[in-house]
Structure formats: structure tokens, C-alpha cells
Amino acid sequence: LFFVLAGLVVLEMWRGAAPAVQAFGWNFLVSTDWDPVAEKFGALPYIFGTLVSSAIALMLAVPLGIGTAIALAEILPLRIGTALSFLVELLASIPSIVFGLWGVFVLAPWLRTVIEPWLIAKFGFLPLFQGFPFGLGMLNAGLVLAIMIVPTIVSLSREILLSTPGMLREAALGLGATRAEAIAVAVDAARPGVLGAVILALGRALGETMAVTMVIGNSNRISLSLLAPGATMASVIANEFTEATGRLHLSALIEIALILFALTLVVNAMARVLVMWTFGGRRDVARAA
């Protein structure tokens, strides 16, 4: 039933995207044009914005999330770790629109007046930090996404670490390892599961809509600067779907949705292959034992 439903979703999106596919072909993926009046459309700025904002979020969230999970599962006492993990997981229950409002009214002024001027002054020679401190842009979107996906990484990684056999730590300690080295053994054993948690978090970052729409600035221009406004595939659909009166305009938005769907499938497939490649050797050893 699941595969039937997924197939029907893809079929319906393909039918809706057919006019744009016939009109623009593969050029739709590499074109930067987006002019509803002239009916010229290209998805490259939105693909670029989706990948960059998600990459920023992962760079910030993965070290913080995995480090927090290790502290909660391996270092802090069980009662304290359980209580703190509950507080971390509360972040996952906050609606995305709340994160968007916080990003607009709290994070954006702080970035505009403190962080971005400092980045321009210290690292303005780099293309990543050139431009004007808007406050709303790719950096803001990446920070908001990072905060939104941290609970996913922390919660799943902590549960995976707690489920690893205690004999791994005991064996390491029995061989003379320090506590830190014993924790490293447990983390290495949990690596495939932690990688899966990171991929799930990436899936949410790729498809997040309202929070990103409110803080990314919504510009269809490609810029190397993280301070510049941008847009994602989800944000352009949210912004223009209700205003798409032309048949080709609506079809182009549906094709962007189809591209986003395909991107998430590719990411999940790559994650599956990576987990199998990472875990395959140890699974074969365990079976032999």
C-alpha cells in the first residue's frame, strides 16, 4: 500500500509537471531564469539554496547533536541524562512557524547588528562573507534549520548509544582503555545508526518550508555569500503556489516539487548504501562468530 501511494504521488506530480518538462526540458535544472510574465522558468537558484542551507545546518547541528548525545548517554548520570534529553526533545515539538517568527524577530536583528558585521570585518576577504548585513539570508536559514534538526540527531543518537552492548565498554576497560577510549569504542559501534540519524535530520532540512521561507530572504539569485538572501525549492512553492495563475507557472512549481521529491529519494538511497557499506563488514564478522 505504501508503494502504491508513493507511486500515485509521483504519477500525479509528473502529470502536473508535464507542460514545464515539455517546454524547458533538462534546461530547467540549470537555468536561473524565473519570470512568470515572460513564462521563463529555471530551478537552479532554488536547488542551490536548498543544498547550501541544508549543508550549513548539518555543519552546525551534527557536531553539536552527536556531542550532546554522547554526553547524555555516556558521561552524565542516567537520571540527569534522561531529564535533559526530554528537554532537548521538546524542541522537536515546537511548530516550524514559531521557529520562523523567532528567526525574524530575534535572530535576524542579532545577526544584522552583531554577527554579520563582525564576519564582514574579519573575513570579508572571503566570498562567503561579502556583502551587506541583511540579517535575513542563507546564514539565518542555516542556523534556524540547525536548531530544528538538532533534537532529531540527539534523540536518535542517544537511544542508539544506550542500545549498544555494555560488554563493548567492559571489554575495552578490561584491556586497559581509559573511559574516553571505551566511549570511543561504543560510538564506533553505533556509527551506522548515528549516520542514519544524521540522514533523517538532513531529510527534514531539505523539506522544511515555513521557517525557511520566513528567514531566507526569498531571492532567486545565486550568490556565494552566506549573508545574501536566497530561496529553496520548498520556499518558492510556498510563496508562489497560490499566486500561480498561468498554466506553465503552476507546472514549473510542480516540477520543482518533483525535483525535491527525487532529491530526498537520492539522499535516502545514498544513506542506505553508506550505512550498508559502513556496517557490512562488522555484520559479516558477527554472523561468522
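Per chain, the residues get numbers from 1 upward, laid out in the order the sequence is written. Local features are withheld for residues below a pLDDT of 70 in this predicted model, meaning they are given only at 70 or higher, and side-chain atom pairs are given and counted only at 80 or more; totals for whole chains, interfaces and linings count all residues. Each side-chain value is worked out from all heavy atoms of the structure, with water and hydrogens disregarded.

Undergrad: For this particular structure, what's the right way to read the packing of aromatic side chains?
TA: Aromatic rings considered in pairs are described by the distance between their centres and by the relative angle of their planes. We call Phe, Tyr and Trp rings a pair once their centres come within 6.5 Å, taking the six-membered ring for Trp, and we label the pair stacked below 30 degrees between planes, edge-to-face above 60, and tilted otherwise. Considering all chains together, one arrives at 8 aromatic pairs under this definition. On the basis of an interplanar angle of 75° and a centroid distance of 4.8 Å, the ring pair of W34 and F41 is categorised as edge-to-face. Across the pair, exposure class does not vary: W34 and F41 are buried alike. Among the aromatic side chains, those forming a connected cluster through ring pairs are F24, F28, W34, F41 and Y46. Exposure categories follow from relative accessible area, calculated using a 1.4 Å probe and restricted to protein chains: below 20% of the type maximum is buried, above 50% is exposed, and the middle band is partly exposed.

Undergrad: For this particular structure, what's the right way to read the nonpolar core?
TA: For soluble globular proteins, nonpolar side chains are generally found buried alongside one another. One finds A61, L139, V144 and I149 to be the most contacted residues of the largest nonpolar core, which totals 36 residues. Elements with a contribution of two residues or more to this core: α3 (44-75), α5 (96-123), α6 (138-163), α9 (191-207), α10 (210-215) and α12 (247-288). Helix and strand definitions follow DSSP, with helices as H or I runs of at least four residues and strands as E runs of at least two, each counted in order from the N terminus. The dominant element in this core, judged by the number of residues it contributes, is α6, at 11 residues. What makes two residues a contact is simply this: any of their non-hydrogen atoms within 4.5 Å. The contacts of V144, once residues within four sequence positions are left out, are F99, W102, G103, L107, A211 and V215. Throughout this description, the term nonpolar core refers to a set of buried Ala, Val, Leu, Ile, Met, Phe, Trp, Tyr and Cys residues connected via side-chain atoms within 4.5 Å. The next biggest cluster of nonpolar side chains, apart from the first, holds 20 residues, and it includes A20, I47, A234 and I259.

Undergrad: Just checking my understanding: could you explain the environment of E159 for this structure?
TA: Mapped onto the elements, E159 comes out in helix α6. E159 gets classed as partly exposed once you look at its relative accessible area, which sits at 42%. Sequence spacing of E159 and A73 is 86 residues, and the spatial spacing of their C-alpha atoms is 7.9 Å. We call two N or O atoms a polar contact when they sit within 3.5 Å, provided that within protein one can donate a hydrogen and the other can accept it, with sequence-adjacent residues counted only if both atoms are side-chain atoms. A distance of 3.2 Å separates a polar atom in the side chain of E159 from a polar atom in the side chain of R158.

Undergrad: Explanation requested: the pattern of salt bridges in the structure shown.
TA: Pairing is possible between side chains that carry opposite charge, provided their charged atoms lie close to one another. By definition, a salt bridge exists where a carboxyl oxygen of Asp or Glu is found within 4 Å of a side-chain nitrogen of Lys or Arg. Scanning the entire structure with this criterion turns up 5 salt bridges. Taking the shortest distance from any N to any O, the salt bridge between R15 and E12 comes out at 3.6 Å. Placement of both R15 and E12 in helix α1 (residues 2-24) is noted, with a separation of 3 residues, approximately one turn of the helix. E12 gets classed as partly exposed once you look at its relative accessible area, which sits at 48%.

Undergrad: What should I look at first to understand a nonpolar patch on the surface in this one?
TA: Think of a patch as exposed residues, more than 30% relative accessible area, with no salt bridge, where like charges cluster within 9 Å and nonpolar side chains (Val, Leu, Ile, Met, Phe, Trp, Tyr) cluster within 5 Å. The Shrake-Rupley method, run with a 1.4 Å probe sphere, supplies the accessible areas, and residue values consider only the shown protein chains as cover. Where nonpolar side chains cluster on the molecular surface, the patch consists of I75, L76, I80, L84, F86, L87 and L90 and spans about 610 Å² of accessible area. No other element matches the 5 residues that helix α4 (residues 78-90) contributes to the nonpolar patch. Turning to its location among the elements, I80 is positioned in helix α4. The exposure class of I80 is partly exposed, given its relative accessible area of 44%.

Undergrad: Just to check I follow, could you spell out the side chain of E116 for this structure?
TA: Here E116 lies in helix α5. When charges are counted, neither His nor the chain ends are considered; positive counts come from Lys and Arg and negative counts from Asp and Glu. Of the side chains with opposite charge, R112 comes closest to the buried, unpaired E116, at an N-O distance of 7.5 Å. At 3.1 Å, the side chain of E116 forms a polar contact with the backbone nitrogen of G135. Aside from chain neighbours lying at most four places away, what touches E116 is L111, F132, P133, F134, G135, L139 and L227.

Undergrad: Where do I start with the environment of A201 in this structure?
TA: Here A201 lies in helix α9. Separated by 139 residues in the primary sequence, A201 and V62 have C-alpha atoms spaced 9.2 Å apart. Not counting chain neighbours up to four residues away, the residues in contact with A201 comprise I149, T152 and I153.

Undergrad: Looking at this structure, I do not really get helix α11 (residues 233-240). What am I missing?
TA: An α-helix turns once every 3.6 residues. As a result, residues three or four positions apart point the same way. Of all 8 residues in α11, 6 are buried, a share of seventy percent or more. Among all positions in α11, only M233, A234, S235, V236, I237 and E240 are buried.

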